[in-house]
Amino acid sequence: MASLSSRNPFRKLYSWLPIVLLFISVLNEFDFNYLNLDYFSFNFPFILIFFFSLKDFKHFDYFLVFLAGLVNDTVVGLPLGISSLSYCLICIATSYLRNITIRPHIIKDWFYFLFTISLINSISYSVLNLFFSYNLDLVNYVINNFFTFLFYLFFVYIFNHYLKGVND
Amino acid sequence: MASSRDDFIIAIRSAFLKKSTQQKFSLLTLVFLSVFIILLSSLDFRAVRYLKIAINEVVYRSSFLVSIPENFLKDSFMGISDYTTFFKDYNQNKKELSKLKSDAVSSNIIEFENKELKELINDYVSTSNKILAKIIMDHDSPFLKSIIINKGSKDNIKIGTNIYDQSYLVGRVIEVNYKTSRVLLLSDLNSNVPVTIAPQNVQAIITGRGDNIGHIKYMKDGFSNDLNNQSIVYTSGTGAIFKSGIPIGKLKIKEEGSTKKFNVEFYSDFSQLKYVFAEVIIKTAIENTTQNSTNNENSTPIDVKLNILEDELKIVEDTKLKFKQENEELKKKINNLNNDILDLKNNIFLQKEKIEQSDLDKKEIEFLKMNLYYGHKCRRSFFNTKGFTVGSDDYRNCVFNKGRKN
């Protein structure tokens with residue numbers, strides 16, 4: 001019975017949902033920017049990658065994350081490889097956190113997430129500004145960073161429910 | 001101490017190199033691959049360029065498909081909000097249409113004149129053909145403001161092609177694929193457009209700020225005082241990146257304390273774009289048959305030189321004639337001015353005479369008045385033997401002295 005349910009295509013799709021969601025979000029830039037809320041934007045892929053790589057989720061392949069980065073660069077119009085590097089650095093940061101943590105705590109993860117995305121956004125901003133001469137608004141980066149940090153807890157709550165569903 | 005350092009190194013090494021059973025690549029490999037791709041994409045190799053174009057084509061189409069549900073929601077939301085202001089907009093549009101129709105006639109005339117003049121200056125005519133392009137991606141990223149259109153090198157789109165919303169400029173093409181292109185909007189921080197501010201005729205450069213307002217970046221000192229909120233901003237054509245005379249927006253002056261900030265409110269709302277026009281320019285050489293035939297007959301260098309000299313002579317004669325005409329006009333003006341001066345002098349002389357006469361009259365009236373009072377004291381008579389004969393100077397003085405003889 002169990003083997004039957006795992007072969008179910010919907011069940012399979014459900015287990016691959018994080019990766020599917022990652023590709024949809026990078027293709028669609030899922031960030032509610034069309035609502036024209038001033039200075040409102042957040043980076044959904046960062047939250048998703050951080051959470052699922054931290055949980056070492058079975059179907060969360062690093063290579064697919066890398067490909068999602070390439071897609072994101074193409075959609076946004078950034079030089080190819082910048083987002084891939086950012087996503088891979090998030091995976092490294094979470095892998096390190098996983099290795100050094102014995103008893104995980106959501107608040108610790110949350111602030112570690114803030115540190116990670118701040119560092120990665122700084123690297124991304126510096127590379128684009130110094131090597132590719134892009135004019136970027138630093139304020140937008142800071143606000144994006146802040147909202148991504150705020151939304152982390154909300155999405156963690158949803159993702160935990162999803163993980164519970166998958167494990168059941 | 002040593003063990004904690006070892007733990008750190010082990011954790012780091014594990015993070016970079018350890019592959020889980022389900023992972024095909026280690027993270028270190030992927031990081032190196034990312035850096036390699038960044039370096040490769042910054043170099044302009046032909047193979048890389050074609051690969052990039054292929055990736056772009058696939059990703060843009062996929063993105064368009066993935067965005068369909070979101071776009072449907074967005075369009076529905078916009079549609080509902082449009083219906084609420086439908087009648088008001090209709091009336092406003094009706095008025096604007098009648099005004100635009102009249103403007104279009106004069107615009108056509110100017111366009112025709114412009115074309116004729118360009119034909120005289122250049123040895124080619126640039127005929128522009130605006131093609132309609134659909135926006136397949138408009139994600140309004142907070143960092144980079146760009147859109148993807150469904151026209152590419154197949155439709156003669158080139159890097160730098162100007163993109164319009166109706167007749168207003170919205171941006172230029174910065175990346176061309178086979179059937180798609182990326183357009184950098186005027187609102188992007190990396191967009192710099194040389195503009196003219198009319199009617200003051202001030203040259204400036206505007207740059208994007210990330211929203212629907214542009215910012216005046218460079219303007220020569222001292223020119224800003226004449227500008228007002230009614231000033232119109234259009235492309236100057238400097239640098240040949242954009243065509244000249246394309247309307248962009250209206251100037252908005254914001255006073256912050258003692259300093260003034262000059263912004264440009266774009267005519268086009270970049271968040272509402274669905275279709276745009278891409279201006280494809282085709283340069284065709286002018287077929288001047290008469291010139292060609294004469295060139296064939298007199299093809300020796302001396303004849304060419306003679307032709308040039310003849311042209312020069314003609315120009316010199318024309319200028320001379322112009323100077324003569326100007327000279328005559330100036331002479332006429334000088335004569336007229338001299339006549340005016342003479343007339344004015346005569347007027348002054350007449351007025352002086354009148355003033356003098358008036359003074360005399362005043363004195364005489366005064367004398368007559370005093371004569372009535374004191375005349376009997378000064379007049380010689382039987383009882384007044386010390387008096388003076390009427391009309392004499394002594395009599396006059398006596399009257400002015402109120403009857404006193406000395």
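What counts, and at which threshold
- Residues numbered from 1 in each chain as written.
- Chains lettered and ligands numbered in written order.
- Predicted model: local features only at pLDDT ≥ 70, side-chain atom pairs only at ≥ 80, totals over all residues.
- Heavy atoms only, no water.
- Core = buried A, V, L, I, M, F, W, Y, C linked by side-chain atoms within 4.5 Å.
- Buried < 20%, exposed > 50% of the residue type's maximum accessible area, 1.4 Å probe, protein only.
- Contact = heavy atoms within 4.5 Å.
- Phe/Tyr/Trp six-rings, centres within 6.5 Å; stacked < 30°, edge-to-face > 60°.
- Helix = DSSP H or I, 4+ residues; strand = E, 2+ residues; numbered from the N terminus.
- Lys NZ or Arg CZ within 6 Å of the ring centre and 35° of its normal.
- 1 Å grid on protein atoms, 1.4 Å probe; cavity = no way out; pocket = protein on both sides within 12 Å on 5 of 7 lines; lining within 4 Å.
- Points joined across faces, edges and corners; volume = space filled by probe spheres on them.
- Nonpolar A, V, L, I, M, F, W, Y, C, P; charged D, E, K, R; others polar.

### Remarks on the nonpolar core
Now for step 1: Counting residues in hydrophobic clusters, the biggest one holds 71 residues, and the most contacted among them are Phe52, Phe60 and Tyr152 of chain A.
Now for step 2: Aside from chain neighbours lying at most four places away, what touches Tyr152 of chain A is Ile47, Phe50, Phe51, Leu54, Asp109, Trp110 and Phe113 of chain A.
Now for step 3: With 37 residues, the next largest nonpolar core counts Ile135, Ile149, Ile216 and Val276 of chain B among its residues.

### With respect to the packing of aromatic side chains
Now for step 1: All told, the structure shown has 30 aromatic pairs over all chains when counted by the stated rule.
Now for step 2: On the numbers, 6.4 Å between centres and 40° between planes, the contact of Tyr112 of chain A with Phe115 of chain A is tilted. Placement of both Tyr112 of chain A and Phe115 of chain A in helix α7 (residues 106-131) is noted, with a separation of three residues, approximately one turn of the helix.
Now for step 3: Residue class for Tyr112 of chain A comes out buried when judged on its relative accessible area of 17%.
Now for step 4: An aromatic cluster is present here, built from Tyr14, Phe42, Phe44, Phe51, Phe52, Phe60, Phe151, Phe154, Phe155, Phe159 and Tyr162 of chain A joined pairwise through their rings.
Now for step 5: When the ring centre of Tyr164 of chain B is taken as reference, the NZ or CZ atom of Lys130 of chain B above it lies at 4.0 Å.
Now for step 6: A cation sits over an aromatic face here: Arg396 of chain B above Phe367 of chain B, 4.4 Å from the ring centre.

### Considerations on unusual backbone geometry
Now for step 1: Phi at Ser133 of chain A is positive, roughly 55°, even though this residue is not glycine.
Now for step 2: With respect to the element layout, Ser133 of chain A can be found in the loop between α7 and α8 (138-167).
Now for step 3: A relative accessible area of 57% means that Ser133 of chain A is categorised as exposed.
Now for step 4: Located in the positive-phi region is Asn156 of chain B, a residue other than glycine, with phi close to 65°.

### Examining the layout of surface pockets
Now for step 1: Roughly 920 Å³ of volume is contained in the second largest pocket.
Now for step 2: Together, 33 residues line the second largest pocket, and Tyr134 of chain A together with Lys52, Ile159, Ile174 and Glu175 of chain B are the ones closest to its centre.
Now for step 3: Elements that contribute at least two residues to the lining of the second largest pocket include exactly α5 (62-76) of chain A together with α2 (27-42), α3 (46-66), β4 (168-176) and β5 (181-185) of chain B.
Now for step 4: Ranked by residue count, the leading element in the lining of the second largest pocket is α3 of chain B, at six residues.
Now for step 5: Looking at the lining of the second largest pocket residue by residue, the classes come out as 16 nonpolar, 10 polar and seven charged.

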